[in-house]
Amino acid sequence: MGTTPRRIVVAVLSVLAAAATLQIAAAAFPEKPIHYVLHVSPGGATDVLARVLATALEKQLGQTVVVENRPGGSGARQMAALEKGPNDGHVIGAVTASHIAIFQQRLKEYNIDSVEWVAQMVVDPYLFAASPNAKFQSLEELAAYAKANPGKVKIAGFELGSGGHIAWEILSASMGLPRDAIIYVPYRSVKDGIVATLGGHADFSIGYVDLVLPYATTNKLNVIGVMSDKRSDLLPNAPTIKEAGFDADTDWQQFRGIIAPKGTPPDRQQALAEAIRKAMETPEFKKYVKDAQLMPEFRGPGAFRAFVKKQDDLTRDWLQKLKLAK
Amino acid sequence: MLQNLMLGFSALASLKAITSLMVGILLGYTVGCIPGISASIGIALLLPFTFGMEPVPALCMLVAVYMASEYGGAIPAILVNVPGVPGAAAAAFDGYPMTQRGEAGKALTLSILGSGAGSFLSTIFLILTAQVMADVALAFGPAEYFALAVLGLSLIVTLSTGSLLKAMIGLLFGLVLTAIGVDPLTGDNRYVVVRGLLDGIPFVPALIGLFALAEVFFMLEIANQPQPKMPTKLSLWSSLGVLNPHWGNVFRSSVIGYIIGVIPGAGAAIASFAAYACEKRLNKGPIPFGEGNPDGVVASETANNAVVCGALAPMLALGVPGSASAAILIGGLMIHGLQPGPLLFTNSPQVPYSIFASLLIGLPIMVVLGLAGARLWVLVTLIPRGVVATMVGALCLTGAYASDNDEFSVAVAVAFGVIGYLLRKVDIQPAPIVLALVLGEMMEINLRRGLISGNNSLMFFLSSPISGSLLVVAALLLFVSLFTRKRAVA
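Only a predicted model underlies this, so the values are computations on that prediction, with no experimental measurement involved.

## Some words on the overall build of chain B
Regarding its fold elements, chain B presents 22 helices and two strands. Relative to a compact globule of 490 residues, whose C-alpha radius of gyration would be 23 Å, chain B shows 22 Å and is just as compact. For chain B, buried positions account for 61% of its 490 residues. Taking all contacts inside chain B whose residues are at least 6 apart in sequence as the whole, residues at least 24 apart take part in 79%.

## A short note on the overall build of chain A
Along its length, chain A carries 11 helices and 11 strands. Oriented by its inertia axes, the alpha-carbon framework of chain A measures out at about 85 × 50 × 30 Å. For chain A, buried positions account for 50% of its 326 residues. Contacts spanning at least 24 positions in sequence make up 77% of the contacts within chain A whose residues lie at least 6 apart.

## Focus: the sheet that holds strand S8 (residues 204-207) of chain A
All names here are of chain A. Strands sit in the order S7-S6-S8-S5-S9 across an open sheet of five strands; the sheet is mixed. Both outer strands of the open sheet, strand S7 (182-187) and strand S9 (222-226), are each paired with one neighbouring strand and no more. Neighbour-to-neighbour, the strand axes of the sheet open up by a mean angle of 25°, direction not taken into account. Alignment of strand S6 (residues 153-158) against S7, held across six bridges, turns out to be parallel. Within S7, the position partnered with Ile 155 by the bridge is Tyr 184. In the packing of helix H5 (residues 139-148) onto the sheet, contacts are made with S6, S7 and S9, and the angle to S9 comes to roughly 90°.

## Side note on the domain arrangement of chain A
Residues and elements named next belong to chain A. Its domain assignment divides chain A into domain 1 (30-124 + 253-321) and domain 2 (127-226). Of all the secondary structure elements, the ones that give two or more residues to the side of domain 1 that touches domain 2 are helix H4 (98-105) and helix H11 (301-321). Of the residues in the side of domain 1 that touches domain 2, the class split is six nonpolar, five polar and one charged.

## What to know about the nonpolar core
Grouped together as the largest cluster of nonpolar side chains are 272 residues, with contacts concentrated most on Leu 127 and Val 212 of chain A together with Leu 62, Ile 78 and Leu 435 of chain B. Taken together, domain 1 (30-124 + 253-321) and domain 2 (127-226) of chain A each give at least three residues to this core, which thus spans both. Non-local contacts of Leu 435 of chain B, meaning those with residues more than four positions away in its chain, are made with Gly 152, Leu 153, Leu 155, Ile 156, Leu 171, Gly 174 and Phe 273 of chain B.

## Let's talk about the pairing of strand S10 (residues 254-261) of chain A
All names here are of chain A. Of all the eight residues making up S10, eight are buried; the element is thus mostly covered by neighbouring parts of the structure. Judged from the four bridges that link them, strand S3 (residues 91-96) and S10 form a sheet pairing that is antiparallel. For Ala 94, the partnering residue across the bridge sits in S10 and is Ile 258. Bridge count for strand S4 (residues 115-124) against S10 is eight bridges, and the pairing is antiparallel. Looking at the pairing, Gln 120 lines up with Gly 257 of S10.

## Quick notes on the sheet that holds strand S1 (residues 34-38) of chain A
Two orientations exist for strands paired in a sheet by backbone hydrogen bonds: parallel and antiparallel. All names here are of chain A. Strand order in this open sheet of six strands is S2-S1-S3-S10-S4-S11, and the pairing throughout is mixed. Each of the sheet's edge strands pairs with one partner strand only, and the pair in question is strand S2 (65-69) and strand S11 (295-299). On average, each strand axis in the sheet is inclined to that of its neighbour by 25°, with strand direction left out of account. Two strands pair when backbone bridges link them, and S1 and S2 are joined in this way by five bridges, in the parallel orientation. Each bridged residue has a counterpart across the sheet, and for His 35 the counterpart in S2 is Val 66. Contacts from H11 reach S4, S10 and S11, with the element oriented near 80° to S4.

## So, the packing of helix H4 (residues 55-72) of chain B against helix H18 (residues 350-377) of chain B
All names here are of chain B. Where H4 contacts H18, the two axes come as close as 9 Å, and the packing angle between them is 45°. Considering the angle they form, H4 stands oblique to H18. The handedness of the crossing between H4 and H18 is right-handed. Between H4 and H18, the contacting residues are Pro 55, Val 56, Leu 59, Cys 60, Val 63, Ala 64, Met 67, Ala 68 and Tyr 71 on the first element and Gln 350, Val 351, Ser 354, Ile 355, Ser 358, Leu 359, Gly 362, Met 366 and Gly 370 on the second. Of the residues contributing to the contact of H4 with H18, the split by class is 13 nonpolar, five polar and no charged.

Here is what the cut-offs are and how they apply
- Residues numbered from 1 in each chain as written.
- Chains lettered and ligands numbered in written order.
- Predicted model: local features only at pLDDT ≥ 70, side-chain atom pairs only at ≥ 80, totals over all residues.
- Helix = DSSP H or I, 4+ residues; strand = E, 2+ residues; numbered from the N terminus.
- Rg over C-alpha atoms; globule rule 2.2 N^0.38 Å.
- Buried ≥ 20, exposed ≤ 12 C-beta atoms within 10 Å, placed from the backbone.
- Contact = placed C-beta atoms within 7 Å.
- Pairing = 2+ DSSP bridges.
- Axes fitted to C-alpha atoms, helices over the stretch in contact; angles between N-to-C directions.
- Domains from an automatic or database assignment.
- Nonpolar A, V, L, I, M, F, W, Y, C, P; charged D, E, K, R; others polar.
- Core = buried A, V, L, I, M, F, W, Y, C linked by C-beta atoms within 7 Å.
- Parallel < 35°, antiparallel > 145°, perpendicular 65-115°, else oblique.
- Left-handed = near helix turned anticlockwise from the far one by under 90°.

Written out as structure tokens, the structure is:
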């Protein structure tokens, strides 16, 4: 054996490769357009947010940010695009709380460690909105009515095991309601559930501030509880769940943020997060957030990962409790 | 209201607005003609380009694309039996036989005039009833949707030509296919053998395969046979009169299209099938439906364009989209900081009213462009079949890819092309399969949702007046048809 010419070549090449890598790391980032992969089709709230962010990010990064819609397969097509990479910071993806439940239920080959959690942008506290014709117009009345009339009250929400469903179960447990006191009717989206309540096909529904606000301000829906520590600025008359007298975990929230392929270097994640934080401070982004009634809440890589870990654990616990774990 | 409408017209009184309207119509035609790029996909593709525009021209352009693409789908349906959008499938039933008889010009003229008339009538309905219709949209809950899906499926007894048994086989095949994909309520995987099937069989590629690619295979098979008759030319003046015998049909189909458009989740495909079935029942003319009856083309095209205004009604009045395309238009509103919902008419009346105005201004433009186009498109019938088949085949595969940006969709289109070809060889038509693909999920999910809501009692579905009457109509349709068919055979 010994030192064959081949080994020398390999050694020289690896040194060169290492030097090249160092040079890339030192080079200005980003050096080419960034691809921003979405799991939704154009037109929805997540898509619109992504396009506003992309425009604001371009100014911070000095590179084009290309928004790519890869809807379908419950996010599988977006995950495949992220896996393809490259994981050098030039590929990022949109993420919402739904990804966590989907990793646990449908795309079981993935978990929260399959991607890097770069930045959280906005949170959406869950809320509960009752039809004005419902027999209860507050959470206390709901609890009392449901206990007296089990199986008579219907709540419309997103699919079984979704964030909204778990939010309802968290509240329901804190109210001390038996499992079959209220019927949970699953719909294709949170919005569909709200529409069902507007039409009188359910007594109340799960929602978010931005989805419910147009109906709350016109008295077509009555928000009876917001799942957060403080009241929403946009719905100042709607009590929080704690104010209504129930001790439910308000850390359970819908969120939207940015992920990157596994193995994206930490310094680049940091650079991206910093650019996103600055982009969120621009007047254009702030105006959008105000118009769209979103609640901005930035978290950088470390804090976002920790927040997601907690959501992941909560999801696992609840899916097991609800016997929906797969 | 008139004052607001004037406000709408004045918002459009700029070169920019009129230009975007024209661009929208031309893009819509193109989008509609290409199988695979349906109205909703066309709007979605165009949406990002409107972000930099003023809200009013942007929305008018998107609405124009929506309207024109629902018409454009009829062109390939009539000329080569390949519907460009799902809502044009019924236009091919009689449009293509007309082409084979040498009446391509007449069929195309009827389709554009029918589309124009349907759009105009439904725009008037929209202006007068948008707010009321929002309540109709809300009246549809699990029981009503289930009943609507059952009624839709029962149309098959009217729609099918030839053997009812074979139509039922097609229908059941389609229903079985809708079982594939993630369970819509519990998230369990059902027959997801490859990942592309997680969301079920992609609808547009399946449609391309069943209708378009299967037709391409047929064209290749008969490529050496003589071409259809040279189309007879219509003078522009006489072409304006061809719609005259069909006004009753236009009115009925507009009403059907408008109401079905209002109901979220029920779109152009269902509306055109329903209007077609209605006219077929009423038909007393000499030519049977399915063999080139002009009323079939008029019914389908009028209804699928009336759907557009129907879908806009709950979207503008309530923020609840009446169709997939309207859902994307909501994104177009949101990006401009406009909150779709019950306050839109109060807070920003210029938006809904300029959309109304743009429909009224855009319609004559759409009809003139369509009539001019019709004279040009008939020349397609002179191209040798082999060449047409190759071009259509290439467009189909591109369209299948564009519908999802995914190679898997191309594979689905090809697989369904082969299935469609083989089924037609044994005389099972694609229409029942497509009807099942359109309605299967609506039926399943609302049956299960209704059972959850109603404590597992089937009576829940008869408890509301709407669902009860829809189910009764469906049952009548089924029994009456079975009875009359039997008599016709005997």
